[in-house]
Amino acid sequence: MKKLTIFGGVLLYMILCMNTAFAQDSLQFDARVKQRMLLNQFESDYVLTASERVALKQSRLAYQYRMKEILDSMDISDGRRKRLIQELKRNPFSEKVQAVIANRTKSDEVVEQ
């Protein structure tokens, strides 16, 4: 009975570790875009290729992820942090988020000097 309990514990531990390993590998951004756009039928010079649009989307997601990390590291209230993260999800280039980050980093630089 003791061996069965230990085996069950080891099996449960391995399953939990595998779940964590998969979560760490999933940081790759899954950026999907439409392969063909309607504008491509009429004005193909104005439309970026699918690979260029994927690259732009991945850079936007990376920027949004970096801003979230900066907001998480800042010393602000939890409610304000949640509101700013929601604003960041709605609009990655939000003026509110950029203003808060600029004010906090500016005040940190003044304190250091």
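See above for the structure.
Predicted, not measured: the structure shown is a model, and the values here were computed from it. Here the residue numbers are simple positions, counted from 1 along each chain's written sequence. Local features in this predicted model are restricted to residues of pLDDT 70 or higher, and side-chain atom pairs are both shown and tallied only at a pLDDT of 80 or more, whereas totals for entire chains, interfaces and linings draw on every residue. Water and hydrogen atoms were dropped before computing side-chain values, which therefore reflect all heavy atoms in the structure.

> What exactly am I supposed to notice about the packing of aromatic side chains here?
Each aromatic ring pair is described using two quantities: the centre-to-centre distance and the angle formed by the ring planes. Any Phe, Tyr or Trp ring, taking Trp's six-membered ring, that has another such ring centre within 6.5 Å forms a pair; planes under 30 degrees apart are called stacked, those over 60 apart edge-to-face, and the others tilted. Counting across every chain of the model gives one aromatic pair. On the basis of an interplanar angle of 25 degrees and a centroid distance of 5.0 Å, the ring pair of Tyr63 and Phe93 is categorised as stacked. Of the two residues, Tyr63 sits in helix 3 (residues 50-73) while Phe93 sits in the loop between helix 4 (78-90) and helix 5 (95-112), which places them 30 residues apart along the sequence. The rule is simple: take the accessible area with a 1.4 Å probe, protein chains only, and divide by the maximum for that residue type; under 20% is buried, over 50% is exposed, in between is partly exposed. Take Tyr63: its relative accessible area is 19%, and that puts it in the buried class. Under the DSSP-based scheme used, a helix requires at least four consecutive residues in state H or I and a strand at least two consecutive residues in state E, with every element numbered from the N terminus.

> Please explain the pattern of salt bridges as it appears in this structure.
We define a salt bridge as a side-chain nitrogen of Lys or Arg found within 4 Å of a carboxyl oxygen belonging to Asp or Glu. What the rule picks out here adds up to three salt bridges. Here Asp78 and Arg81 are joined by a salt bridge, their closest N and O atoms 3.1 Å apart. One end of the pair is Asp78 and the other is Arg81, both in helix 4 and three residues apart, which spans about a single turn. Assessed through its relative accessible area of 14%, Arg81 is described here as buried. A salt bridge links Glu87 to Arg90; the nearest nitrogen and oxygen atoms lie 2.9 Å apart. With Glu87 and Arg90 both in helix 4, this residue pair falls three residues apart, about one helical turn. Since its relative accessible area comes to 13%, Glu87 is described here as buried.

> Explanation requested: the packing of helix 3 against helix 4 in the structure shown.
Between two packed helices, what matters for the description is the angle formed by their axes and the separation of those axes. Two elements in contact, helix 3 and helix 4, have axes whose closest approach is 10 Å; the angle formed by their N-to-C orientations is 175 degrees. By the criterion of interaxial angle, the relationship of helix 3 to helix 4 is roughly antiparallel. Two secondary-structure elements touch here, helix 3 through Gln64, Met67, Lys68, Leu71 and Asp72 and helix 4 through Arg81, Leu84, Ile85, Leu88 and Lys89. Polarity classes work like this: nonpolar for Ala, Val, Leu, Ile, Met, Phe, Trp, Tyr, Cys and Pro, charged for Asp, Glu, Lys and Arg, and polar for all others, with Gly in that last group. Across the contact of helix 3 with helix 4, the residue classes break down as five nonpolar, one polar and four charged. Note on definitions: angles span 0 to 180 degrees between N-to-C directions of axes, and those axes are lines fitted to C-alpha atoms, for helices only across the stretch in contact. Small angles under 35 degrees read as roughly parallel and large ones over 145 as roughly antiparallel, with 65 to 115 read as roughly perpendicular and the rest as oblique. We call two residues in contact when some of their heavy atoms are within 4.5 Å.

> Is there a simple way to think about the nonpolar core in this case?
Soluble, globular proteins show a tendency: their nonpolar side chains are buried together. With 11 residues, the main nonpolar core is built from Tyr63, Met67, Leu71, Met74, Ile76, Leu84, Ile85, Leu88, Val97, Val100 and Ile101. Looking at this core, the elements with two or more residues in it are helix 3, helix 4 and helix 5. Every residue in contact with Ile101, bar those within four places of it in the chain, is listed here: Met67, Ile70, Leu71 and Met74. What makes a nonpolar core is a set of buried Ala, Val, Leu, Ile, Met, Phe, Trp, Tyr and Cys residues whose side-chain atoms join them at distances within 4.5 Å.

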